[in-house]
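# Tertiary structure, described
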Amino acid sequence: AQRVTQPEKLLSVFKGAPVELKCNYSYSGSPELFWYVQYSRQRLQLLLRHISRESIKGFTADLNKGETSFHLKKPFAQEEDSAMYYCALKTLRQLTFGSGTQLTVLP
Amino acid sequence: GAGVSQSPSNKVTEKGKDVELRCDPISGHTALYWYRQRLGQGLEFLIYFQGNSAPDKSGLPSDRFSAERTGESVSTLTIQRTQQEDSAVYLCASSLQGRGYNEGQFFGPGTRLTVL
C-alpha cells in the first residue's frame, strides 16, 4: 500500500536560514508527488508538483526515486513561510497525504 | 464561484445525531473528493467522485458514512449516528479531472465537526 511519511511534526528555523522539510514515500507504481501548504486561517493549497520541476516562492523539491524521497527545500527562509506543509502522493484515484510538518520561521 | 465552498463552516452536534455536510466544487471540475483531518493528523481520504462513474468509497471508515453527488455539482457527506471519534475537519476538494492531477486539487475551507 502507498504511504507518505513526514518525520518532523514541528520544524523551527531562523529567518534567512536554509530549510528542508522531509518527505519519504512508498509506492509500487510510478510516483507523482506534490507539496501542499496551509497558511494560518487559509485553506490548503497546492505549492508545487514534481512533474513541473518548478520553483514556487523560492521552494524546490526534487524527486529521488533511489531514496524514495521528495524533500522540500528553500535556501533562505522567510517569516511568511511559516505554515503547515503536507507532502502528497498521487495514486490511481486519490492523493495520499503525509501527516504534515508545521514550519515556524523565527525572526 | 471563486473556489470550492463548504457549509456549514462549523457544526456542533450531540452523539447519536445525523449530520449533513455540503460541498460546492469549482464549476466545471469533474472530480470531487472528501477528506477527513483529525486534530494533529494528516488528511485521510474518504470518497472520490469522477463524472458519472461509480464513486470510489474505499476510504469511508464505516457504513455510518455516505456521500452523494448530483451530476458534476454539489456533494453532500452524511454521517449517521455520530460518534465522538467523528470529530474532525472535513475537507472537500475538486479538480478538473480525476487522473489529471497536473493542476492539483483545489480545497474548500472545511467543515469543523464537533460531536459532544
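The structure displayed is predicted, hence computed values, not measured ones.

Our focus in this paragraph is the overall build of chain A. Across its full length, chain A holds zero helices and 11 strands. Against the 2.2 N^0.38 benchmark of 13 Å for 107 residues, chain A shows a C-alpha radius of gyration of 13 Å, consistent with a compact globule. Taken across its 107 residues, chain A has 46% of its residues classed as buried.

All right, on to the interface of chain A and chain B then. You'll often see interface size given as the accessible area lost when the parts meet. Across the contact, 19 residues belong to chain A and 23 residues belong to chain B. Between chain A and chain B the total buried area reaches about 1,800 Å² when both faces are included, carbon and sulfur atoms providing 50% of it. At the boundary of chain A with chain B, the tally comes to zero salt bridges. For the pair chain A and chain B, the number of links is four residue pairs in polar contact (both at pLDDT 80 or more). If you list the elements that add at least two residues to the side of chain A that touches chain B, you get strand 5 (32–38), strand 6 (45–49), strand 9 (83–90) and strand 10 (95–97) of chain A. Counting residues per element, the side of chain A that touches chain B draws most heavily on strand 5 of chain A, which supplies three residues. Within the side of chain A that touches chain B, the residues separate by chemical class into nine nonpolar, four polar and six charged.

Our focus in this paragraph is the nonpolar core. With 24 residues, the main nonpolar core has Trp35(A), Leu72(A) and Tyr85(A) as its most contacted residues. Looking at this core, the elements with two or more residues in it are strand 2 (10–14), strand 3 (19–21), strand 5, strand 6, strand 9 and strand 11 (101–106) of chain A. Among the elements that line this core, the one with the most residues is strand 9 of chain A, at four residues. Ignoring sequence-local partners within four residues, the contact set of Tyr85(A) consists of Gln6(A), Leu21(A), Trp35(A), Tyr36(A), Val37(A), Leu47(A), Phe59(A), Leu72(A), Gly100(A), Thr101(A) and Leu103(A). Core analysis: the second largest hydrophobic core is formed by 20 residues, Trp34(B), Leu60(B), Leu77(B) and Leu113(B) among them.

We now examine the side chain of Gln37(B). Residue placement: Gln37(B) occurs in strand 4 (residues 31–37). By relative accessible area, Gln37(B) is classed as buried at 13%. Only 2.4 Å separates the side chain of Gln37(B) from the side chain of Tyr86(A), close enough to count as a polar contact. Apart from the residues within four sequence positions on either side, Gln37(B) is in contact with Tyr86(A), Gly42(B), Leu43(B), Ala88(B), Val89(B) and Leu91(B).

All names here are of chain B. With antiparallel pairing, four strands are arranged side by side in an open sheet as 1-3-7-6. Because the sheet does not close on itself, it has two edges, and the strands there are strand 1 (5–7) and strand 6 (65–69). Here the average twist between neighbouring strands, direction ignored, is 15°. The pairing of strand 3 (residues 19–24) with strand 7 (residues 75–79) spans five bridges and is classified as antiparallel. What sits directly across from Glu-20, in strand 7, is Thr-78.

A few words now on the packing of aromatic side chains. This model, assessed by the stated rule, comprises 11 aromatic pairs over all chains. With 5.6 Å between their ring centres and 80° between their planes, Tyr36(A) and Phe107(B) make a pair best called edge-to-face. Pair noted here: Tyr36(A) is in strand 5 and Phe107(B) is in strand 9 (residues 106–107), and the two residues belong to different chains. By the burial criterion, Tyr36(A) is buried, and Phe107(B) matches it. Arranged with centres 5.7 Å apart and planes meeting at 40°, the rings of Tyr35(B) and Phe107(B) form a pair that is tilted.

Turning our eyes to something else, we now look at the sheet that holds strand 3 of chain A. Residue and element names in this part refer to chain A. Ordered by their spatial adjacency, three strands build an open sheet running 3-8-7, and the pairing between neighbours is antiparallel. The open sheet terminates on both sides in strands that have one partner only, identified here as strand 3 and strand 7 (60–61). In this structure, strand 3 lies alongside strand 8 (residues 72–74), joined through three bridges in antiparallel fashion. The partner of Leu-21 across the bridge, within strand 8, is Leu-72.

Rules behind the numbers
- Residues numbered from 1 in each chain as written.
- Chains lettered and ligands numbered in written order.
- Predicted model: local features only at pLDDT ≥ 70, side-chain atom pairs only at ≥ 80, totals over all residues.
- Heavy atoms only, no water.
- Helix = DSSP H or I, 4+ residues; strand = E, 2+ residues; numbered from the N terminus.
- Rg over C-alpha atoms; globule rule 2.2 N^0.38 Å.
- Buried < 20%, exposed > 50% of the residue type's maximum accessible area, 1.4 Å probe, protein only.
- Contact = heavy atoms within 4.5 Å.
- Buried area = accessible area lost by both parts, 1.4 Å probe.
- Salt bridge = Lys/Arg side-chain N within 4 Å of Asp/Glu carboxyl O.
- Polar contact = N/O pair within 3.5 Å; in protein donor to acceptor, adjacent residues only side chain to side chain.
- Nonpolar A, V, L, I, M, F, W, Y, C, P; charged D, E, K, R; others polar.
- Core = buried A, V, L, I, M, F, W, Y, C linked by side-chain atoms within 4.5 Å.
- Pairing = 2+ DSSP bridges.
- Axes fitted to C-alpha atoms, helices over the stretch in contact; angles between N-to-C directions.
- Phe/Tyr/Trp six-rings, centres within 6.5 Å; stacked < 30°, edge-to-face > 60°.

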